[in-house]
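Spelled out from the first residue to the last, the chains are:
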Amino acid sequence: MELRESDFEEMVLKSDRPVLVDFWASWCPPCKMMQPVVDRLAVKVSDWADVYSLNIDRSPAIAAQYQISGVPTFVAWAGGQSVDRRTG
């Protein structure tokens with residue numbers, strides 16, 4: 001599910017479930033390759049976690065706030081805190 005900058009706080013930081021955010025860009029070939037994997041993961045974990053995609057070009061303030069310097073970057077959140085991050 002595409003995450004909008006205006007929804008980030010409510011859907012990620014205030015969520016009572018674990019959240020994975022896929023920071024991506026439309027011009028990024030590896031991001032496009034990962035999208036089917038992210039979609040399948042979202043279905044598999046839908047009972048206990050949320051998975052969102054955030055386009056860094058549409059949400060540059062969020063990308064800057066969380067120091068996203070490369071895409072794709074996957075950030076796991078729990079209790080409103082970033083708990084793990086992987087880039088590439």
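### With respect to the state of the cysteines
So, step 1. Tallying each qualifying case throughout the model produces 1 disulfide.
So, step 2. The partner cysteine of C28 in its disulfide is C31, sulfur to sulfur 2.5 Å. For the disulfide bridge between C28 and C31, the dihedral angle about the S-S bond is near 80°, and by the sign convention the bridge is right-handed.
So, step 3. Classification of C28 by relative accessible area gives buried; the value is 3%.

### Things to note about the environment of R17
So, step 1. By the element assignment, R17 lies in the loop between α1 (8–13) and β1 (19–24).
So, step 2. Residue R17 is classed as partly exposed on the basis of its relative accessible area, which comes to 24%.
So, step 3. Considered as a pair, R17 and L3 are 14 residues apart in the sequence and their alpha carbons are 16 Å apart.
So, step 4. The contacts of R17, once residues within four sequence positions are left out, are V45, S46, D47, W48, A49 and D50.

Quick notes on the rules
Residues numbered from 1 in each chain as written. Predicted model: local features only at pLDDT ≥ 70, side-chain atom pairs only at ≥ 80, totals over all residues. Heavy atoms only, no water. Disulfide = S-S within 2.5 Å. Buried < 20%, exposed > 50% of the residue type's maximum accessible area, 1.4 Å probe, protein only. Helix = DSSP H or I, 4+ residues; strand = E, 2+ residues; numbered from the N terminus. Contact = heavy atoms within 4.5 Å.

Such coordinate-based values are descriptive only and should not be taken to indicate function.
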